[in-house]
Amino acid sequence: MNHFVADVLPGVALPFCVVLIQLADSYLRYLAFRQQIRREETQRLRVAFGLWAVTSFLLYAAWFRYAGIAAQTCKIALMAGWVPWLVIFMGTVRRDTLSHIFIQGMVAVWSLMLHSISSIVVVVAFADLAEANFLTAHTAIYLLLFLLLLPGECRVFHDMLPLRQFFASRPAGYYVAAMPFVVLFSHFFLWADSSLFHTWQERLSRLALPVAFFFMYKHVLLSASEFYNQQKAGLDAKRAGARIAFLEERCRLAARTQKQTAIIRHDLRHNFRILYELISKGKTEAALSHINTQTVLLDTLGTPSFAKGSFLNAAISVHLWRAEQLGIKIRQKVKIPAKPFRAEQDLTLLISELLDEAIHASAREPEGARALSLALVSDGCQWLLSVGNRAGAPLPVGRDGLPLREEGSALSLFLEKYGGELDFSYADGCNKYEILWYDDERENGEEALSC
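Summary of the structure given here. As the structure is a prediction and not an experimental result, all values here were calculated from the model.

1. Let's talk about the sheet that holds strand E2 (residues 371-378)
One open sheet accounts for 5 strands, arranged E1-E2-E3-E5-E4; its pairing is mixed. Where the open sheet ends on each side, the last strands, each with one partner, are strand E1 (329-335) and strand E4 (421-427). Neighbouring strand axes in the sheet, compared pairwise and without regard to direction, differ in orientation by 10° on average. Strands E2, strand E3 (382-390) and strand E5 (430-438) of the sheet are contacted by helix H13 (residues 344-363), whose axis makes an angle of about 15° with E3. Packing of helix H14 (residues 410-418) onto the sheet brings it into contact with E4 and E5, and relative to E5 it is tilted by some 25°.

2. Structural notes on unusual backbone geometry
With a phi angle near 55°, Asp428 is a residue other than glycine that sits in the positive phi range. If you trace the backbone, Asp428 turns up in the loop between E4 and E5. With a relative accessible area of 76%, Asp428 lands in the exposed category.

3. So, helix H7 (residues 150-158)
If you check which residues of H7 are buried, you get Glu153, Val156 and Phe157. Burial along H7 is one-sided: seen end-on, the buried residues are contained in an arc of 85°. Along H7, the residues that are exposed and aim more than 90 degrees away from the buried face are Pro151 and Arg155.

4. Considerations on the packing of helix H5 (residues 97-126) against helix H6 (residues 131-148)
Two quantities define a packed helix pair, namely the angle between the helix axes and the distance between the axes. Packing of H5 against H6 leaves a shortest axis separation of 8 Å and a crossing angle of 125°. By the angle class used here, H5 and H6 are oblique. Helix-helix and strand crossings are classified by hand; for H5 and H6 the assignment is right-handed. Residues Ser111, Leu114, His115, Ile117, Ser118, Ser119, Val121, Val122, Val123 and Phe126 of H5 form the contact with H6, whose own contacting residues are Phe134, Ala137, His138, Ile141, Tyr142, Leu145 and Phe146. By residue class, the composition of the contact of H5 with H6 is 12 nonpolar, 5 polar and no charged.

So, how was this worked out
Residues numbered from 1 in each chain as written. Predicted model: local features only at pLDDT ≥ 70, side-chain atom pairs only at ≥ 80, totals over all residues. Heavy atoms only, no water. Pairing = 2+ DSSP bridges. Helix = DSSP H or I, 4+ residues; strand = E, 2+ residues; numbered from the N terminus. Axes fitted to C-alpha atoms, helices over the stretch in contact; angles between N-to-C directions. Contact = heavy atoms within 4.5 Å. Buried < 20%, exposed > 50% of the residue type's maximum accessible area, 1.4 Å probe, protein only. Arc of directions from axis to C-beta. Parallel < 35°, antiparallel > 145°, perpendicular 65-115°, else oblique. Left-handed = near helix turned anticlockwise from the far one by under 90°. Nonpolar A, V, L, I, M, F, W, Y, C, P; charged D, E, K, R; others polar.

As far as function goes, none of this settles anything; it's purely spatial.
In structure tokens form, the structure reads like this:
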């Protein structure tokens, strides 16, 4: 029995605990990226991590059997074994490299902090154990600490990763990403030796890691908050500029219509004189042809009528006119009831947002390859809005398969308010939004039955 506890049990328990520690660290890494990971990526991670967990357990068992269970061999397994896990994660969740480096550094700081606390507990409580059993107890207490602190770890790492743009500035992005590894640098070389027991000064110095971790964590949160505020201010300024541009384009359309109206008004008396002369001479066919010509000219006046609501019609006409000026081919179909509907104002803001994004994306394509589609149809109960544009690459999407958007966008507010269903696809070189919803009036008794 003593032989089993001293030799056989550590040879199985220690590699098993090492694998669980590295799996736990990978879970913290996953928490940081969770909002950005798609469902299929999560599934691939599960399969890859499961296979590597079994493989690494067998490798660690063979390694400890060959090299012996000692402080040096255990530290090699812990300090080098995380690399394949990170490679698997980065290969599956392909995101900005600096984001991966920063999160791995924060995970490493947290892990070393738990190792430091675990080593103090083991030295105080189990100092008389044999080396193999001592190392096994150390890894087991690490896992126990990880589980006890899991609720706090979930909260911390869930909010750890800022948006990719946070690391986009150079060279500031490199400094932020490398900051956790700089904190770890001195402790790493003190810990990376063959000693089983370190001095109490070294153990206690590593307890400063929670303080460093807290300050780095708060620094990222505050910096990210300031960054987001700047982004929001820039976005608000952009939206204000877009509103001004909308009004300017609306004024240009009105000026064009006014000019055309002035020309036709000027020619109206002349056209009546021509018609009088043609009719008086019995040239009825010529008179009818002249009337048809003037009818065509009249049809070109004014803003095209896409919808009965003036606000919605103005938004659609102005954006499609802008697209035409940029050489974008347009396919549009608008067929909605003539009666007013409750969602008109929100729908106008939504269409303006989607068309504005589609026009900007299409304008980046080469001339001749620019295209945009708009469809808005309704039977008075069910509504469908579809906006698509030609693009060389799909929009970045989250784990739900939908494009990443900022909170407070017209799209998110519309979906929340009207309970719409959103579908996004990228096919044949086109990004396409499709939104399906029902008019709110269907909740009122008889109209609900008609839907």
